[in-house]
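Chain by chain, the residues:
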Amino acid sequence: MAILEVEHISKSFDRTEVLKDISFSMEKGQALSLIGSSGSGKTTLLRCLNFLEQPDGGIIRVNGETLFDGADSFSRSEAVIRKKRLHFGLVFQSFNLFPQYTALGNVMLAKELLARERPDYKAKKKEIHGEIEAQAVELLTQMGLKDRMKNYPHQLSGGQCQRVAIARALALNPDILCFDEPTSALDPELTGEVLRVMRELAERNMTMVIVTHEMAFARDVSDQVIFMDEGQILEQGPPEQVFGDPKEERTRRFLARYTEE
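Below, the structure is looked at part by part. Residue positions are given per chain, counted from 1 along the sequence in the order it is written. The model is predicted, so local features are restricted to residues of pLDDT at least 70 and side-chain atom pairs to those at 80 or more, both for listing and for counting; the totals for chains, interfaces and linings are taken over all residues. Only heavy atoms go into the side-chain values, all of them from the structure, while hydrogens and water stay out.

**Observations concerning helix α3 (residues 103-115)**
Thinking step 1. For α3, which comprises 13 residues, the first-to-last C-alpha distance of 19 Å matches the rise-based estimate of 18 Å (1.5 Å per residue) to within 8%.
Thinking step 2. The angle separating two fitted axes, one through the seven residues that finish at a residue and one through the seven that start at it, defines the bend at that residue. In this text, helices come from DSSP runs of H or I with a minimum length of four residues, and strands from runs of E with a minimum of two, each type numbered from the N-terminal end. The sharpest bend along α3 reaches about 40° and sits at Leu109.
Thinking step 3. Three exposure classes are used, based on accessible area relative to the maximum for each residue type with a 1.4 Å probe and protein chains only: buried under 20%, partly exposed in between, and exposed over 50%. If you check which residues of α3 are buried, you get Ala103, Leu104, Gly105, Asn106, Val107, Met108, Leu109, Glu112 and Ala115. Each residue after the first adds 1.5 Å to the expected span of a helix.

Rendered as structure tokens:
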């Protein structure tokens, strides 16, 4: 069974149609890269998957469960969507860390807020907090930030901030981890730091949807590649096909431009 099924997703802002009849699926443990020029709809698609934007129509399923159905008004309610958002972890382009929290605090925050909704929270507050902290410490250690846990975002490099953001996204044990151009704000050295972490996640068979302009990375790590242009999927397939033998002229022009750069 596919872990993620996207069927006929559409999205418009005012009169501008940003996503046009988007459909694809992916299996558990796969890495899917979304490539294309700026403004092609990649980030909007990612935000629709995470319900930061609501699609106008279509269906989104995770593990066979329908999370969104444009024909079902109940699936559009905020209370329902807030729970279903937990299926996805999102790593933003510009980190989006909370400046008033340390690296450890940023990773713990979402899980602590959810824990407060537990009926046994008051009785087991200390125990629950200890469990959340232990998991956050483990995640930051995996990110190579064992000695930086008490630092605030302004005390960290861009690469370190993005690794904190990845740990935060993993903290809620999402089914699918989404990356929105996670290296675009970083210089080449720091980009390498973040890509190494993402490669390790791919090797651990983390299911990932990645918006990226790092073509070599997409080619090496992806199980599937989707090329988008003007809100549509123009080409989709394994990386050896999309990069090695693209069928569409617009795909070829796009890839040629990145090769020249």
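Picking up after the structure, the text goes on.
**A few points about the packing of aromatic side chains**
Thinking step 1. Ring pairs shown here join Phe, Tyr and Trp side chains whose ring centres sit within 6.5 Å, with only the six-membered ring taken for Trp; geometry is labelled stacked below 30 degrees between planes, edge-to-face above 60, and tilted in between. Counted by the stated rule, this structure contains 2 aromatic pairs.
Thinking step 2. Their ring planes at 80° and their centres at 6.2 Å tell us that Phe98 and Tyr101 sit as a pair that is edge-to-face.

**Remarks on the nonpolar core**
Thinking step 1. Definition used in this section: a nonpolar core is a set of buried Ala, Val, Leu, Ile, Met, Phe, Trp, Tyr and Cys residues joined via side-chain atoms within 4.5 Å. Membership of the largest hydrophobic core comes to 42 residues, with the highest contact counts inside it found for Leu140, Ile166, Leu177, Phe179, Leu201 and Met208.
Thinking step 2. Whether two residues are in contact is decided by their heavy atoms: any pair within 4.5 Å suffices. With residues up to four places along the chain from it excluded, the contact list for Leu177 reads Gly89, Val91, Ala169, Leu170, Leu201, Met206, Thr207, Met208 and Val209.

**Some details on the pattern of salt bridges**
Thinking step 1. Put simply, a salt bridge is a Lys or Arg side-chain nitrogen that is within 4 Å of an Asp or Glu carboxyl oxygen. A full pass over the atoms with the stated rule returns 11 salt bridges.
Thinking step 2. Across the pair Glu53 and Arg47 runs a salt bridge whose closest N-O atoms are separated by 3.6 Å.
Thinking step 3. Under the relative-accessibility criterion, Arg47 is labelled partly exposed at 28%.
Thinking step 4. Its salt-bridge partner being Arg199, residue Asp220 comes within 3.7 Å of it at the nearest N-O pair. Taken together, the residues Asp220 in helix α7 (residues 215-221) and Arg199 in helix α6 (residues 188-203) connect sequence positions 21 residues apart.
Thinking step 5. Judged by relative accessible area, Asp220 falls into the exposed class, the value being 53%.
Thinking step 6. Beyond isolated ion pairs, a larger network of salt bridges with shared partners links Arg118, Asp120 and Lys124.

**Topic: the environment of Leu49**
Thinking step 1. Along the chain, Leu49 falls in helix α1 (residues 42-49).
Thinking step 2. Along the chain, Leu49 and Leu67 lie 18 residues apart, while their C-alpha atoms are 9.5 Å from each other.

**Some details on the environment of Asn50**
Thinking step 1. Residue placement: Asn50 occurs in the loop between α1 and β4 (57-62).
Thinking step 2. According to the relative accessible area criterion, Asn50 is buried, its value standing at 3%.
Thinking step 3. A C-alpha to C-alpha distance of 11 Å links Asn50 and Val91, two positions 41 residues apart in sequence.
Thinking step 4. Those residues within four positions of Asn50 in sequence are excluded, and the remaining contacts are Arg85, Phe88, Gly89, Leu90 and Cys178.

**Considerations on α1**
Thinking step 1. Of all the 8 residues making up α1, 6 are buried; the element is thus mostly covered by neighbouring parts of the structure.
Thinking step 2. Looking only at α1, the buried set comprises Lys42, Thr44, Leu45, Leu46, Cys48 and Leu49.
Thinking step 3. Where α1 terminates, the next one or two residues include Phe51, which has phi positive at roughly 65°.

**Describing the sheet that holds β4**
Thinking step 1. When DSSP finds two or more bridges between a pair of strands, those strands are recorded as paired. Taken together, 4 strands build an open sheet; the order of strands is β2-β1-β4-β5 and the sheet is antiparallel. At either end of the open sheet lies a strand with only one pairing partner, and these are β2 (16-26) and β5 (65-69). The mean inter-strand angle of the sheet, taken between neighbouring strand axes irrespective of direction, is 20°.
Thinking step 2. For β4 and β5, the ladder comprises 4 bridges, and the chain directions are antiparallel. Bridge pairing in β5 places Val62 opposite Glu65.
Thinking step 3. Fitting a line to C-alpha atoms yields each axis, with helices limited to the stretch in contact; the angle taken between N-to-C directions then spans 0 to 180 degrees. Strands in contact with α1 are β1 (4-13), β2 and β4; relative to β2, the strand with the most contacts, it is inclined by about 65°.

**Side note on the packing of helix α5 (residues 158-170) against α6**
Thinking step 1. For the pair α5 and α6, interaxial distance at closest approach is 8 Å and the crossing angle is 25°. Relative to α6, α5 is oriented roughly parallel. Seen from above, α5 lies across α6 with right-handed handedness. Where α5 abuts α6, its residues Gly158, Gly159, Gln160, Gln162, Arg163, Ile166 and Leu170 lie against Leu190, Glu193, Val194, Val197 and Leu201.
Thinking step 2. Side-chain classes follow a simple rule in which Ala, Val, Leu, Ile, Met, Phe, Trp, Tyr, Cys and Pro form the nonpolar group, Asp, Glu, Lys and Arg form the charged group, and the remainder, Gly included, forms the polar group. Grouping the constituent residues of the contact of α5 with α6 by class yields 6 nonpolar, 4 polar and 2 charged. Orientation categories follow fixed angle ranges, with anything under 35 degrees roughly parallel, anything over 145 roughly antiparallel, 65 to 115 roughly perpendicular, and all other angles oblique. Crossings are assigned a handedness: left-handed for a near helix turned anticlockwise from the far helix by less than a right angle, right-handed for a clockwise turn.

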